[in-house]
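A structural walkthrough
What follows is each chain in one-letter form.
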Amino acid sequence: MSDVAEDVLLSASELRARLVAVGEERYHHKHPFHLLMHEGRLTRGQMQAWALNRYYYQSQIPVKDAIILSRSGDAEFRRNWRKRIVDHDGADGQPGGIEKWLRLAEATGLTAERVSSTAEILPGVRYAVDAYLQLVSQRSHLEAVASSLTEMFSRDLISLRLDALRQHYPWLESGLVYFTARLTQAPEDATFAFDWIVSHACTRKEQELAISALKDKCAILWAQLDALYYSYVEPGWPPPGAFQMDTA
């Protein structure tokens, strides 16, 4: 890229195309663990390991969003962003995403207490999720918001996953409410975040920072699945203290 080109601001459509290209290349829909899941080739124990470990990520989403919200001096931004916290924490007696994820874990045969304790989380998953909290707290507010743009791709993955889970793991049906809710929540959130990035990435350098932040978020999601695959698929070596599949 020439110096002149580097100074040219991308249009909204060009920026979207760059972000979508990141998702097509790096989003975790292509991870071998997800491919096995969608092909119906995971055992109940492997699905339990996934639900238990993914819970740590789910539990930290409202923490992440609270950090992003707290860094903004714009009341309008905060009003829009706090919806995300309510979506995951729940409100007025209505369950949020965290509670819904626990229902999914229970459908695999685990107890909510065991999962929510996070005592058996893989170290690799814990490190990856904690790195996400570091990203949104230590890098620019623009980059923190941009890291959420994986939601641009999540609806298609959720639709695919719902079909696959119903087909291959019918015993999970009672726990799929988390995904049905995200079919509408994720696109709404992605639209707001993208429009905000378009308005606030005022230089090409800032646009590139936003793209880079999205790449880093994709790496964080991918790393969690790397830990799961290594521990529960191949070679199948979960570390001491982590969840152990029942091989009986």
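Whatever comes next refers back to the structure up there.
Okay, so let's go over this structure.

1. Observations regarding the overall build of the chain
The helix and strand inventory of the chain stands at 12 helices and zero strands. Its helices and strands taken in sequence order, the chain reads α-α-α-α-α-α-α-α-α-α-α-α from the N to the C terminus. For the chain, the C-alpha radius of gyration of 19 Å lies close to 18 Å, the compact-globule estimate for 248 residues. Once the C-alpha set of the chain is aligned to its principal axes, its extents read approximately 65 × 45 × 35 Å. Considering the chain as a whole, with its 248 residues, one finds that 49% of them fall into the buried category. Of all intrachain contacts in the chain linking residues separated by at least 6 positions in sequence, the fraction that spans at least 24 positions is 79%. Surface summary for the chain: the accessible area is close to 11,400 Å², and the carbon and sulfur share equals 52%. Within the chain, one finds 27 positive and 32 negative side-chain charges whose respective centroids are separated by 1 Å.

2. Here we look at unusual backbone geometry
For the bond from glutamate 234 to proline 235, the omega torsion is 5°, close enough to zero to count as cis. For proline 235, the position within the fold is in the segment after α12 (204–232). Within the chain, aspartate 92 stands out as a residue other than glycine whose phi angle is a positive 55°. Even without being a glycine, threonine 118 presents a positive backbone phi close to 60°. Looking at the element boundaries, threonine 118 is found in the loop between α7 (112–116) and α8 (123–138). For threonine 118, a relative accessible area of 17% puts it in the buried group.

3. Some details on the pattern of salt bridges
Scanning the entire structure with this criterion turns up 17 salt bridges. The partner of arginine 139 in a salt bridge is aspartate 216, and the shortest N-O contact between them spans 2.7 Å. Here the residue arginine 139 occupies a position in the loop between α8 and α9 (141–146), and aspartate 216 occupies one in helix α12, the gap between them amounting to 77 residues. Exposure remark for arginine 139: the relative accessible area of 25% places this residue in the partly exposed category. The shortest N-O distance in the salt bridge between glutamate 208 and arginine 204 comes to 3.0 Å. Of the two residues, glutamate 208 and arginine 204 are both situated in helix α12; the distance of four residues between them amounts to about one turn of the helix.

4. A few points about the nonpolar core
By size, the foremost hydrophobic cluster in this structure holds 74 residues, and its most contacted members are Trp50, Phe179 and Ile197. Every residue in contact with tryptophan 50, bar those within four places of it in the chain, is listed here: Phe33, His34, Met37, Trp101, Leu104, Arg161, Phe179 and Leu228.

5. A word on the packing of aromatic side chains
Counted by the stated rule, this structure contains 14 aromatic pairs. An aromatic cluster of at least three residues, connected via ring pairs, comprises Trp50, Trp101, Tyr178 and Phe179. Positioned over the ring face of phenylalanine 194 is arginine 16, at 4.1 Å from the centre of the ring. When the ring centre of tryptophan 171 is taken as reference, the NZ or CZ atom of arginine 44 above it lies at 3.9 Å.

6. Thoughts on helix α11 (residues 177–200)
Compared with the 34 Å implied by 1.5 Å per residue over 24 residues, the 34 Å span of α11 between its first and last C-alpha is a close match. Leucine 183 marks where α11 bends most, by close to 40°; the proline proline 187 follows one to four residues later.

7. Quick word on the side chain of serine 147
For serine 147, the location among the structural elements is in the loop between α9 and α10 (151–168). Each residue touching serine 147, except ones within four places of it in the same chain, is listed here: Tyr132, Leu135, Val136, Ala213, Leu214 and Lys217.

8. Thoughts on the environment of leucine 149
As for its position among the elements, leucine 149 is in the loop between α9 and α10. With 94 residues separating them along the chain, leucine 149 and tyrosine 55 place their C-alpha atoms 20 Å apart. Among residues more than four places away in sequence, those in contact with leucine 149 are Leu19, Ala190, Ala193, Phe194, Ile197 and Leu214.

9. Quick word on the layout of surface pockets
Put simply, the largest pocket is a space of about 160 Å³. In this structure, the largest pocket is lined by Val20, Gly23, Glu24, Tyr27, His29, Met152, Phe153, Asp156, Leu157 and Leu160. Looking at the lining of the largest pocket, the elements that each hand over two or more residues are α2 (12–26) and α10. At five residues, the largest contribution of residues to the lining of the largest pocket is made by α10.

Cut-offs applied
Residues numbered from 1 in each chain as written. Predicted model: local features only at pLDDT ≥ 70, side-chain atom pairs only at ≥ 80, totals over all residues. Heavy atoms only, no water. Helix = DSSP H or I, 4+ residues; strand = E, 2+ residues; numbered from the N terminus. Rg over C-alpha atoms; globule rule 2.2 N^0.38 Å. Buried < 20%, exposed > 50% of the residue type's maximum accessible area, 1.4 Å probe, protein only. Contact = heavy atoms within 4.5 Å. Areas by Shrake-Rupley, 256 points an atom, 1.4 Å probe, with all protein chains shown as cover. Lys, Arg positive; Asp, Glu negative; His and termini not counted. Charge placed at Lys NZ, Arg CZ, Asp CG, Glu CD. Salt bridge = Lys/Arg side-chain N within 4 Å of Asp/Glu carboxyl O. Core = buried A, V, L, I, M, F, W, Y, C linked by side-chain atoms within 4.5 Å. Phe/Tyr/Trp six-rings, centres within 6.5 Å; stacked < 30°, edge-to-face > 60°. Lys NZ or Arg CZ within 6 Å of the ring centre and 35° of its normal. Expected span 1.5 Å × (residues − 1). Bend = angle between axes of the 7 residues up to and from the residue. 1 Å grid on protein atoms, 1.4 Å probe; cavity = no way out; pocket = protein on both sides within 12 Å on 5 of 7 lines; lining within 4 Å. Points joined across faces, edges and corners; volume = space filled by probe spheres on them.

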